Every structure is written in structure tokens, then in C-alpha cells.
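# Notes for the structure review
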Amino acid sequence: MSTTITGHTKLTGLLGSPVAHSISPMMHNEAFNQLGLDYVYLCFDVGTDGLKTAVNGLKQIGIRGFNCTMPDKNLMCELADELSPAASMIGAVNTVVNENGRLIGHNTDGIGYMQAVRDAGHNIIGKTMTLLGAGGAATAISVQAALDGVANINIFSIRDQFFDRAQKTVDLINSNTNCHAALYDLADDSELRKSIAASDILTNGTSVGMAPNIDNCIITDKNIFHNNLIVSDVIYNPEETKLLSMAKASGCQVFNGLYMLLYQGAEAFKIWTGKDMPVDIIKEKYFKR
């Protein structure tokens, strides 16, 4: 990959902390190069304390757009001039585009997940989902799934700081979409079993099972799975979590979060450039499994 910087090069990037590990610069700069676009993507290590100053500066210099990762996603909602419907419902922004000096906040995480579902060969529109977790990734998934037409979403969360926020998300989904959403305590084993039995897809939207804690699993009983169940995990390190391994052994079709990462980036790319990211090339170079 070679990127030539010119006097017309449009700046994009990633704000968050830490960001040095991110694959986004490789993915986006490769895509710019493949399409011959005069753009560049850089990483900026900025936490919440410096976010307002950084955003104002980037706006002043005419940045085309940027991504936000943790811990900046929620605060970016307050700093954007306008929010997409999904970002407003989710309460978090992961993609910003500068439209003539106005910063428009989007959330492409849920879009990335729904495309990953399709990429894995599944259609869950009009069907029932059991979603584990109520943090940022899970919230984005629930909102986008509802907007796209998933019929029922049962969210299971521990009673932590996210539980009340999750109830607000459920209320927004029920008020603004045709989806029926409900929130349950993850400790309610009876409701969890009932939900999974009636579901077409089970999604782990938590970090349980992520490296280095690969022996952890949010589901402890393999008998909870059924043959017609799709099981997905937002985690991609390891590529096969204990949850996916157990589900696969029970005859379920499974997929991880790697392509969610790819497709959320592809959607951001399109928002900034108006062009489709060459995802097949990016897959081959950076996401080959």
C-alpha cells in the first residue's frame, strides 16, 4: 500500500484511547488506495477529557470525518451538531461526517452486525433474537436489528450500571419501531431458557469469553441450545469463543464478531466517500480466517 499526501488530501481518523492497536488505519487506507481516493486515515489517542477540544480543532481544520471508539462514543453524542436516528436511540456515536461545517453523528456498529448476519448466510428479519448484554455493542445491535425489522428482541443483562439504560432503550425500540423488545435479568434462568427456545438467533453482546479470559462463558449449560438456533458472538479474539464452541458442538450454526468490525468500517467509509469499500480485498488482506 502506498499513500501519496497532496494539498487536497481529505483527513479521516479514529479518536479514542487506546487506539494504537486498531486495525482501522490499515483497513481504510488500503480501501482509499484501492479506489484511488485522495484520503488518509490516522489514529488520535484522545480520551473524554480532551475530546471537546480535539473535535473543535478537527472541525476547524475541515476534517472529512472520523470514527470514535471507547471511551468517547457517548460524549460524542453531545458534541455532534446532529444525530442519525440510530445514534440518537443508541446514545452513542462511532462515526462522524463533516457536512459543510456541521458534524453529523452516526452509529454503524449495529449496521455492521446486521451485515455480518447476512454475510454468514442468515436472514433474521421478522424473527426472534435473544441478546445477552446491554453495553455499547449490545445496544447498537438491538436498535439496528429493531430498525431493520427483527420482530422480537429479548435482552438479558446483569443488574449493573447499564440496566436502567437498557430499559430506556427497550422503551425507545417499542415506541419507534414495529419490533417488540423486552428486558430481563440475566440471572433469571427460567426466562433465559424460554427465550432461547423461542429464538432464531442468540447473540452474545458482552465481553465474556474474550482473550485472555477464554475459558469464561456466559452460557453454562449446553442443553440450552437447539438445532435451529444461530449463535453469534461480538468477540473475535479468540476467533472461536467457548460459547461458539459449545453451540457448534450442539449443532448450531455460529459466527464471531470479526466481520461486524469490517462492515461497521465499510459503512463509515461509504458515509465519508459516497463509495463502497472494496470489502473482498480488505477481507483477504486483513480479515482472512
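To keep things clear, this report deals only with the structure shown in the data block. (Residues numbered from 1 in each chain as written. Predicted model: local features only at pLDDT ≥ 70, side-chain atom pairs only at ≥ 80, totals over all residues. Heavy atoms only, no water.)

Below, the discussion takes up helix H2 (residues 48-60). In this model H2 runs 19 Å from its N-terminal to its C-terminal C-alpha over 13 residues, within 8% of the 18 Å that 1.5 Å per residue would give. The set of residues buried in H2 consists of Leu51, Ala54, Val55 and Leu58. In this fold, the buried residues of H2 make contact with strand E1 (10-16), strand E3 (65-68), helix H3 (73-79) and strand E6 (102-106). Of the residues trailing H2, Gly62 is marked for its positive phi of about 80°. (Helix = DSSP H or I, 4+ residues; strand = E, 2+ residues; numbered from the N terminus. Expected span 1.5 Å × (residues − 1). Buried < 20%, exposed > 50% of the residue type's maximum accessible area, 1.4 Å probe, protein only. Contact = heavy atoms within 4.5 Å.)

Turning next to the sheet that holds strand E5 (residues 95-99). If you walk across this open sheet you meet the 6 strands as E2-E1-E3-E5-E6-E4, and the pairing is mixed. Edge strands, defined here as strands with exactly one partner in the open sheet, are strand E2 (39-45) and strand E4 (82-83). Its contacts with the sheet place helix H10 (residues 258-273) against E1, E2, E3, E5 and E6, and it is angled at close to 5° to E5. (Pairing = 2+ DSSP bridges. Axes fitted to C-alpha atoms, helices over the stretch in contact; angles between N-to-C directions.)

One finds Tyr113, Met129, Ile153, Leu262, Met277 and Phe287 to be the most contacted residues of the largest nonpolar core, which totals 58 residues. In terms of residue count, H10 provides more of this core than any other element does, 11 residues in total. Residues in contact with Phe287, not counting those within four places in the same chain, are Ile23, Met27, Leu258, Tyr259, Leu261, Leu262 and Ile282. Membership of the second largest hydrophobic core comes to 18 residues, among which are Phe156, Ile218, Ile224 and Leu243. (Core = buried A, V, L, I, M, F, W, Y, C linked by side-chain atoms within 4.5 Å.)

Right, let's talk about unusual backbone geometry for a bit. Cis geometry is found at the peptide bond from Ser17 to Pro18, where omega equals 0°. As for its placement among the helices and strands, Pro18 is situated in the loop between E1 and helix H1 (24-35). The omega torsion of the bond from Ala211 to Pro212 falls at 10°, within 30 degrees of zero and hence cis. Phi is positive for Asn100, which is not a glycine, with a value near 55°. Relative to the assigned elements, Asn100 resides in the loop between E5 and E6.

To continue, consider the pairing of E2. Across 7 bridges, the pairing between E1 and E2 is parallel. Within E2, the position partnered with Thr12 by the bridge is Tyr41. Handedness of the E1-H1-E2 crossover: right-handed. (Right-handed = clockwise from strand over helix to strand, strands pointing away.)

Here the focus is the pairing of strand E10 (residues 201-204). Across the two faces of E10 the burial is the same, with Ile201 and Thr203 and Leu202 and Asn204 all buried. Pairing analysis gives 4 bridges linking strand E7 (residues 128-132) to E10, with the strands arranged parallel. Bridge pairing in E10 places Leu131 opposite Thr203. Relative to strand E11 (residues 230-233), E10 runs parallel, the two being bridged by 4 bridges. When the sheet's bridge partners are listed, Ile201 is paired in E11 with Ile230.

Here we come to the sheet that holds E10. Read across the open sheet, the 6 strands follow the order E9-E8-E7-E10-E11-E12; overall the sheet is parallel. Only two strands of the sheet have a single partner each, and these edge strands are strand E9 (180-185) and strand E12 (253-255). With direction set aside, neighbouring strand axes in the sheet form an average angle of 15°. In terms of strand pairing, E7 meets strand E8 (residues 152-157) through 5 bridges, oriented parallel. Opposite Leu132, over in E8, you have Phe156 as the bridge partner. In the packing of helix H8 (residues 189-198) onto the sheet, the strands contacted are E7, E8, E9 and E10, and the crossing angle to E7 comes to about 140°. Packed on one face of the sheet, helix H9 (residues 242-249) meets E10, E11 and E12 and runs near 165° to E11.

A separate point is the pattern of salt bridges. Per the counting criterion, the structure on display carries 12 salt bridges. The closest approach of N and O atoms between Arg193 and Asp189, which form a salt bridge, is 2.7 Å. Placement of the pair is Arg193 and Asp189 together in helix H8, with a separation of 4 residues, close to one helical turn. Since its relative accessible area comes to 32%, Arg193 is described here as partly exposed. On the accessibility criterion, Asp189 (39% relative accessible area) is partly exposed. (Salt bridge = Lys/Arg side-chain N within 4 Å of Asp/Glu carboxyl O.)

Where H1 contacts helix H11 (residues 279-286), the two axes come as close as 10 Å, and the packing angle between them is 135°. Classed by the angle they form, the pair H1 and H11 counts as oblique. Once H1 is placed against H11, the crossing between them reads as right-handed. In this structure, H1 contributes Met26, Met27, Glu30, Ala31 and Gln34 to the contact, and H11 contributes Ile281, Ile282, Lys285 and Tyr286. In terms of residue class, the contact of H1 with H11 is built from 6 nonpolar, 1 polar and 2 charged. (Parallel < 35°, antiparallel > 145°, perpendicular 65-115°, else oblique. Left-handed = near helix turned anticlockwise from the far one by under 90°. Nonpolar A, V, L, I, M, F, W, Y, C, P; charged D, E, K, R; others polar.)

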